[in-house]
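Spelled out, the chains give:
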Amino acid sequence: MNIYDLLNKCIAIKKYGLNASVFKDEDRECLDTEEEKQVFDLLKNISSMAIKVNKKGVTFHPFMVWEGKRTFSIEDLTEDDYKTMESLVLEQLPINIRARIADVLWTQKKNYKAAIVAAKAYYELFCLFFTDENWGGTLDMIKRTLFISAQINQKDIYNEAGDKLFNHVVKVNGQDKDFQSLRLLDILVEKEYGDFKILLTVIENIINNNIDDVTKVEQAYRLKVECLYKIKDSVAAKKSNIDLADYYVNYAEGILGTTLQGALQAEHFYQKAIELYRNNGEAAKGEGVLRRLVEIQKEIPKQMVPVKMEFDVSGVNTNIDENMAGLTFEESIIRLTQMVLFSKKDDIKKKLYKEYNNSPISHMFGKNLVNASGQTVLALKPLNFNDPESDLELLDLHLHQKALEEQKISGDVWLKYAFYYIRNNYEFELTDLDFLVCNNPIIPTGRENIFRSAIYMVLKGQYYEAMHILAPQVENLFRNIAKEVGGLTITLETDGASKEKALKSIFDLPELLDCYDNDILFLFKGLLNEQAGANIRNEIAHGITSEYMASSGAYLYFAGAVIKLLTYTSIKCYDLITTEGSKLKTFIEPGSDAIKIKRV
């Protein structure tokens, strides 16, 4: 049996495309020659690929990728393979294989004759499978028909396919209950096909018929605005955006008092409305909705049901008692810093990746980071874990968020008790901290006293006052280091005025990154300046930090991290650690059960 007869006999033509499973080994053995068997294998490989159709065309992908391995890919095709495909009588292949082979020849080799075959085959498949009830899986076919026929200027195919879509949309007239009309309209609007006045009437019908379905309505408005801009009616397009904003506000008010989920969804729609008002000449309306949003955000935390956890940290307290026993005051400060872990960025990354591997579903969605007032401070998008380093800025945000989780625990569990132990077991004065701050090269000249006072307040439990001093002083500390190593910390405004660079820019200065520990810079960048991290400097600068917040885990960790940073460059600290017989050379590691967690 020859290859054409075999394929037409054995290959089922299905709506959802091809896969390698339709090519069976027992069928292969029915072929007459070894050459035809090789063609069979080639077609099987090409059919195994997944395809992705988008506005720019089509891409072919391996069906599976795992642990550095993959199935057949478009890159695996050789010049001999292309010659084999070009030698085939495409019209004699089953229509689904015909469309695939012809499309590969067109996209990869710009074979014009194959393009005509591909456009006709895709259209034939669309007509074969498209129905009102079961249209899923057919839109890629008509998209490829229109895309290819437009590329090769085959107006007959293009117009026949476009007319079929347009006439169907007009016939349904927005009365369908699913998303079929929206999807077909999307194609027509993109291709600018048909009478847009008629299409706008259909879109209005979709809006009016689905007023309770926010997803349909917002998609319909998007298409309406796109249509209006294409016919150069920008005034009507802006009015349509305002109408959508009004719809969002009304919809949000309707779901607001239902459940916590309803309140969170309402918050999202208010935010969308505000953006539309601002971008379409209704800033005053946007301000009014913003006031309403702030009121609602204050109420959202009250509706949240906390997950209560009971921590037994007696093991931690015992470990701290054992490690602190018999130490002088100066030694106790150094011992405290041994409880402050400076994690390496790569280690945090490994933990994040491990979490994803253990629980991928929990990392597939973004999350909103909310402050104490219920306001969203950062909408954190999910990482692309197929290639997490494709967006390094987003990856850093996730790393700061992961680091913050550990910092909060360290501050709440370890440092809170360690600070308590020091102030209850030692009598100390301001001058007792001279060993830490005097002649410490990392502290900017003239700032020794203010660092001493801030650390003294921390050790005395005056966290609120201490944090308001420490945060700006640590910012200045890193600015000073950057200047010392030749970094430019100011910018020149257009009017000739000099202005200090934002703190984020300071941490990213190449001169600073070249000469200072990058893991420490990453740590303090998160603690001071990243919304995905503790963001302490910004919270203090804007007066957000409350007395309660200043004694929370993240802030206590920050205080411990500052003290540890200073010990690195204190000569006296080095002497205390290296002195023969120093108790600081040994540290009793806590047991694995030092912290016991029980869900209440």
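Look above for the structure.
Everything numeric here is computed off the predicted structure, so don't read it as measured data.

Conventions and cut-offs
Residues numbered from 1 in each chain as written. Predicted model: local features only at pLDDT ≥ 70, side-chain atom pairs only at ≥ 80, totals over all residues. Heavy atoms only, no water. Helix = DSSP H or I, 4+ residues; strand = E, 2+ residues; numbered from the N terminus. Buried < 20%, exposed > 50% of the residue type's maximum accessible area, 1.4 Å probe, protein only. Contact = heavy atoms within 4.5 Å. 1 Å grid on protein atoms, 1.4 Å probe; cavity = no way out; pocket = protein on both sides within 12 Å on 5 of 7 lines; lining within 4 Å. Points joined across faces, edges and corners; volume = space filled by probe spheres on them. Nonpolar A, V, L, I, M, F, W, Y, C, P; charged D, E, K, R; others polar. Core = buried A, V, L, I, M, F, W, Y, C linked by side-chain atoms within 4.5 Å. Salt bridge = Lys/Arg side-chain N within 4 Å of Asp/Glu carboxyl O. Expected span 1.5 Å × (residues − 1). Polar contact = N/O pair within 3.5 Å; in protein donor to acceptor, adjacent residues only side chain to side chain. Axes fitted to C-alpha atoms, helices over the stretch in contact; angles between N-to-C directions. Parallel < 35°, antiparallel > 145°, perpendicular 65-115°, else oblique. Pairing = 2+ DSSP bridges. Left-handed = near helix turned anticlockwise from the far one by under 90°. Lys, Arg positive; Asp, Glu negative; His and termini not counted.

**Q** Can you explain the side chain of Asn319? Please cite residues and give values.
**A** By the secondary structure assignment, Asn319 is in helix α15 (residues 314-324). Given the relative accessible area of 3%, Asn319 is considered buried. With sequence-adjacent residues up to four places away left out, Asn319 is seen in contact with Trp414, Phe587, Ile588, Glu589 and Pro590.

**Q** Requested: an account of the layout of surface pockets, with residues and values cited.
**A** To find leftover empty space, a probe the size of one water molecule is rolled over the atoms. Taken as a whole, the second largest pocket holds about 600 Å³ of empty space. Looking at the second largest pocket, it is lined by 30 residues, and the ones nearest its centre are Met339, Leu341, Glu406, Ser410 and Trp414. Those elements that provide at least two residues to the lining of the second largest pocket are α17 (345-358), α18 (392-425), α24 (518-529) and α27 (553-568). Looking at the lining of the second largest pocket element by element, the count peaks at eight residues for α18. Along the lines of polarity and charge, the residues of the lining of the second largest pocket split into 16 nonpolar, 10 polar and four charged.

**Q** Account for the nonpolar core, naming residues and giving values.
**A** Counting 102 residues, the largest nonpolar core has Leu7, Leu77, Met85, Leu90, Leu93, Ile101 and Tyr270 as the members making the most contacts within it. Here the element with the most residues in this core is helix α6 (residues 112-129); it accounts for 11 residues. Among all residues touching Ile101, those that are not within four sequence positions of it are Leu43, Ile46, Met85, Leu90 and Leu93. Ranked by size, the runner-up nonpolar core spans 77 residues in total, among them Ile334, Val340, Val437 and Leu477.

**Q** Mind laying out the pattern of salt bridges, listing which residues take part and the relevant values?
**A** Tallied over the full model, the rule gives 32 salt bridges. The salt bridge partner of Glu204 is Lys224, with a shortest N-O separation of 2.2 Å. Of this pair, Glu204 sits in helix α10 (residues 196-209) while Lys224 sits in helix α11 (residues 214-230), and the two are 20 residues apart along the sequence. According to the relative accessible area criterion, Glu204 is partly exposed, its value standing at 27%. For Lys224, a relative accessible area of 14% puts it in the buried group. Put simply, Asp519 and Lys344 hold a salt bridge, and the shortest N to O gap is 3.8 Å.

**Q** Describe the environment of Tyr229, with residues and values.
**A** Inspection of the secondary structure puts Tyr229 in helix α11. Sequence-distant contacts of Tyr229, defined by excluding residues within four places in its chain, comprise Ser234, Ala237 and Lys238.

**Q** Requested: an account of α10, with residues and values cited.
**A** A rise of 1.5 Å per residue sets the reference length of α10, with its 14 residues, at 20 Å; its end C-alpha atoms lie 20 Å apart and thus fit the reference within 8%. Within α10, the full set of buried residues consists of Phe196, Leu199, Leu200, Val202, Ile203, Asn205, Ile206 and Ile207. Where α10 is buried, its residues touch α8 (155-172), α9 (180-191) and α11. Of the residues that open α10, the one with a side-chain oxygen 2.9 Å from the backbone nitrogen of Lys197 is Asp195.

**Q** Could you give me a rundown of the packing of α11 against helix α12 (residues 234-255), with the residues and numbers involved?
**A** At their nearest, the axes of α11 and α12 sit 8 Å apart, and the two run at 170° to each other. The pairing of α11 with α12 is recorded here as roughly antiparallel in orientation. Packed against α11, whose contacting residues are Val214, Val217, Glu218, Tyr221, Lys224, Val225, Leu228 and Tyr229, the element α12 presents Ser234, Ala236, Ala237, Lys238, Ser240, Asn241, Asp243, Leu244, Tyr247, Tyr248 and Tyr251 at the interface. In the contact of α11 with α12, the residues fall into 12 nonpolar, three polar and four charged.

**Q** Mind laying out the pairing of strand β2 (residues 57-61), listing which residues take part and the relevant values?
**A** Relative to β2, strand β1 (residues 50-54) runs antiparallel, the two being bridged by five bridges. Among the inter-strand pairings, Lys52 is bridged to a residue of β2, identified as Thr59.

**Q** Outline unusual backbone geometry, listing residues and values.
**A** Unusually for a residue other than glycine, Asn173 sits at a positive phi of about 55°. With respect to the secondary-structure elements, Asn173 resides in the loop between α8 and α9. The class for Asn173 is partly exposed, based on a relative accessible area of 28%.

**Q** Before we move on, could you go through the packing of helix α20 (residues 448-459) against helix α21 (residues 463-484) and cite the residues and values that matter?
**A** Each packed pair of helices is defined by two parameters, the angle between the axes and the distance between the axes. Packing of α20 against α21 brings their axes to within 8 Å, and their N-to-C directions diverge by 145°. Between α20 and α21 lies a crossing whose hand is left-handed. Of α21, the residues touching α20 (which contributes Ile450, Phe451, Ala454, Met457 and Val458) are Tyr463, Glu465, Ala466, Ile469, Leu470, Gln473, Val474 and Leu477. Of the residues that constitute the contact of α20 with α21, the class distribution is 11 nonpolar, one polar and one charged.

**Q** Go over the side chain of Glu539 with me, naming the residues and quoting the values.
**A** Assignment of secondary structure puts Glu539 in helix α25 (residues 536-541). Despite its burial, Glu539 pairs with no opposite charge, the nearest such side chain being Lys408 at 8.8 Å. A distance of 2.7 Å separates the side chain of Glu539 from the side chain of Tyr555, its partner in a polar contact. Excluding anything up to four places from it in sequence, Glu539 contacts Ala534, Ile544, Thr545, Met549 and Tyr555.

Just geometry here; none of it tells us what the structure is for.
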